Amino acid sequence: MIDISKGRYWDLPWSLVSGCTPCSPGCDHCWSAAMTYRFHLKLGKGGAVKHHLTNINGKFNGYIELHPERLSIPLKRRKPTVYAVWNDLFHESVPDEFFSDVMMHIGVGAMHHKFLILSKRPERMAETIDAYIKMASDQCGREVTLPQNIFWGLTVVNQQEADEKIPVFLQVPGKKFLSIEPMLGAIDIEKWLHPRQTVLPDGYGGSHGPGWITDFRTINAVILGGETGPGSRPVHPDWVRSVRDQCAAAGVPFFFKQNGEWLHETQEMPQDIMFWNRQDHKWPDGSKSYRVGRKKAGRLLDGRTHDDLPWVK
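Residues numbered from 1 in each chain as written. Predicted model: local features only at pLDDT ≥ 70, side-chain atom pairs only at ≥ 80, totals over all residues. Heavy atoms only, no water.

Novice: Residues and numbers for the overall build of the protein chain, please.
Specialist: Summing up its helical and strand segments, the protein chain has six helices and 16 strands in all. When burial is assessed residue by residue, the protein chain has 48% of its 313 residues classed as buried. Excluding contacts between residues fewer than 6 apart, the proportion of contacts in the protein chain whose partners are at least 24 apart in sequence is 75%. Element-wise, carbon and sulfur atoms account for 53% of the exposed surface of the protein chain, whose accessible area totals about 16300 Å². (Helix = DSSP H or I, 4+ residues; strand = E, 2+ residues; numbered from the N terminus. Buried < 20%, exposed > 50% of the residue type's maximum accessible area, 1.4 Å probe, protein only. Contact = heavy atoms within 4.5 Å. Areas by Shrake-Rupley, 256 points an atom, 1.4 Å probe, with all protein chains shown as cover.)

Novice: If you had to explain the nonpolar core to someone new, which residues and values would you point to?
Specialist: If you look at the biggest cluster of nonpolar residues, it comprises 55 residues, and the most contacted ones within it are Met-103, Trp-152, Ile-180, Ile-189 and Val-222. The leading source of residues in this core is helix α3 (residues 122-140), at six residues. Look past the residues within four positions of Val-222 in its chain and what remains in contact with it is Leu-178, Ile-180, Ile-189, Leu-193, Val-243, Cys-247, Val-252, Pro-253, Phe-254 and Phe-255. Grouped together as the second largest cluster of nonpolar side chains are 15 residues, Ala-84, Phe-151, Phe-177 and Trp-311 included. (Core = buried A, V, L, I, M, F, W, Y, C linked by side-chain atoms within 4.5 Å.)

Novice: Lay out helix α2 (residues 96-109) with the relevant residues and their values.
Specialist: Under the 1.5 Å per step criterion, the end-to-end length of α2 is 20 Å for 14 residues, consistent within 8% with the ideal 20 Å. Listed in full, the buried residues belonging to α2 are Phe-98, Phe-99, Ser-100, Val-102, Met-103, His-105 and Ile-106. As for α2, its buried residues are in contact with β1 (12-15), β2 (17-18), β5 (65-66), β7 (114-119), α3 and β8 (150-155). (Expected span 1.5 Å × (residues − 1).)

Novice: Can you tell me about the packing of aromatic side chains, naming the residues and giving the values?
Specialist: Aromatic ring pairs are described here by two measures, namely the spacing of the ring centres and the angle between the planes. Per the counting criterion, the structure on display carries 14 aromatic pairs. Plain terms: the ring middles of Trp-10 and Trp-86 are 5.5 Å apart, the flat faces sit at 90° to each other, and that makes the pair edge-to-face. One end of the pair, Trp-10, is in the segment before β1; the other, Trp-86, is in strand β6 (residues 82-86), with 76 residues separating them in the sequence. Classification of Trp-86 as partly exposed rests on a relative accessible area of 22%. Each ring, one from Phe-99 and one from Trp-152, has its centre 6.3 Å from the other, and the planes form 40°; the classification is tilted. In this pair, Phe-99 is assigned in helix α2 and Trp-152 in strand β8, connecting sequence segments 53 residues apart. Across from the ring centre of Phe-151, 4.7 Å away, lies the NZ or CZ of Lys-175, which sits over that ring. (Phe/Tyr/Trp six-rings, centres within 6.5 Å; stacked < 30°, edge-to-face > 60°. Lys NZ or Arg CZ within 6 Å of the ring centre and 35° of its normal.)

Novice: Lay out a negative patch on the surface with the relevant residues and their values.
Specialist: On the surface, Glu-123, Glu-127, Asp-163, Glu-164, Asp-188 and Glu-190 cluster together into a negatively charged patch. When contributions to the negative patch are tallied by element, the ones reaching two or more residues are α3 and α4 (159-169). Mapped onto the elements of the fold, Glu-127 is located in helix α3. The class for Glu-127 is exposed, based on a relative accessible area of 53%. (Patch = residues over 30% accessible without salt bridge, like charges linked within 9 Å, V, L, I, M, F, W, Y side chains within 5 Å. Salt bridge = Lys/Arg side-chain N within 4 Å of Asp/Glu carboxyl O. Lys, Arg positive; Asp, Glu negative; His and termini not counted. Charge placed at Lys NZ, Arg CZ, Asp CG, Glu CD.)

Novice: Can you break down the sheet that holds strand β16 (residues 288-291) residue by residue, with the values?
Specialist: Taken together, the three strands give an open sheet; going across it, the order is β14-β16-β15, and neighbouring strands pair in antiparallel fashion. The strands lining the two open edges of the sheet, one partner per strand, are β14 (262-264) and β15 (280-282). The mean angle between the axes of side-by-side strands here comes to 25°, regardless of whether they run parallel or antiparallel. (Pairing = 2+ DSSP bridges. Axes fitted to C-alpha atoms, helices over the stretch in contact; angles between N-to-C directions.)

Novice: Lay out the sheet that holds strand β13 (residues 254-258) in plain terms, naming residues and giving numbers.
Specialist: Judged by pairing direction, the sheet is parallel, and its seven strands sit side by side in the order β1-β6-β7-β8-β9-β12-β13 without closing on themselves. Here the strands that pair on one side only, and so sit at the sheet edges, are β1 and β13. The mean angle between the axes of side-by-side strands here comes to 25°, regardless of whether they run parallel or antiparallel. Pairing geometry for β1 and β6, over four bridges, is parallel. In the sheet register, Trp-14 faces β6, and the bridge partner there is Val-85. Packed on one face of the sheet, α3 meets β7 and β8 and runs near 150° to β8. In the packing of α4 onto the sheet, contacts are made with β8 and β9 (175-180), and the angle to β8 comes to roughly 155°.

Novice: Which residues make up unusual backbone geometry, and what values go with them?
Specialist: For the bond from Trp-86 to Asn-87, the omega torsion is -20°, close enough to zero to count as cis. Topologically, Asn-87 is positioned in the loop between β6 and α2. Note that the residue after Glu-181, namely Pro-182, is joined by a cis bond; omega there is -5°. Its location among the elements puts Pro-182 in the loop between β9 and β10 (196-199). For Asp-302, which is not glycine, the phi torsion reads 55° and is therefore positive.

Novice: How would you sum up the environment of Gln-258? Please name residues and give values.
Specialist: In this fold, Gln-258 is placed in strand β13. For Gln-258, a relative accessible area of 10% puts it in the buried group. Counting along the chain gives 37 residues from Gln-258 to Lys-295, while the straight-line C-alpha distance between them is 9.2 Å. Apart from residues lying up to four places away in sequence, Gln-258 is in contact with Glu-181, Leu-224, Gly-225, Gly-226, Thr-228, Arg-294, Gly-298 and Arg-299.

That is the geometry; function is a separate question.
Set out below in structure tokens:
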């Protein structure tokens with residue numbers, strides 16, 4: 001069962017890809033790179049720290065390792081499980097053939113599970129999925145659709161990434177969710193949360209003239225969280241409230257993962273934190289956020305948690 005109380009929106013990880021290449025401001029303090037660097041250090045000549053997946057600064061260096069031996073893991077588990085697929089399955093160095101193998105394992109023997117496949121690369125995601133559907137359809141001699149137990153995810157961290165990546169992401173068929181983590185600025189996603197009506201030209205609307213169809217290629221859920229770890233950047237609660245309200249107006253599930261390492265002065269501060277012994281951040285409006293640590297910052301927004309997830313009943 002998913003431990004939502006800890007900000008988890010999945011049950012188990014399915015680590016099919018190791019390594020990555022930084023491609024976003026959100027990669028500056030990548031948790032996956034930090035863990036890889038921490039647990040897989042190797043000593044070179046003269047005692048220098050080396051690792052083939054990360055550089056000396058603990059950042060991913062672009063080298064990729066695939067783990068085909070792990071493809072069968074979900075097939076061995078009978079209990080329905082929500083798997084999060086790590087790392088980016090749509091990295092430029094991941095071949096299309098490996099993606100096809102993943103789809104085969106999901107669709108053939110793991111339909112009792114759900115899979116969250118998250119990427120920062122919507123162009124590669126859309127191209128790879130389109131190529132897979134065409135290839136599979138040609139092989140079967142009929143139109144093939146994607147397994148329905150997949151939720152495709154896109155990570156954005158600011159308005160620029162949202163404007164550039166979400167329109168491309170919406171080309172992906174199936175159920176989709178948006179991950180805003182870490183949130184590095186105010187983001188307006190309202191126009192991508194509502195189904196859109198497309199006007200059909202003359203001749204396609206029946207005897208009553210031009211008609212319209214509803215385009216349901218929208219965002220089905222939003223996950224949002226502040227940054228954690230060394231060097232983490234604060235998130236302003238007004239940014240979070242804005243996305244929360246946009247989702248509420250559109251009827252889209254909203255999941256608030258965490259405040260990160262920081263709390264705004266308008267939020268309830270832990271009583272055991274000494275005010276004169278804290279790192280603070282001053283916002284343009286004159287207010288301040290204080291670094292209190294991930295556990296003490298918690299998951300509350302305006303006194304409550306937000307735990308809506310479409311893949312959890």
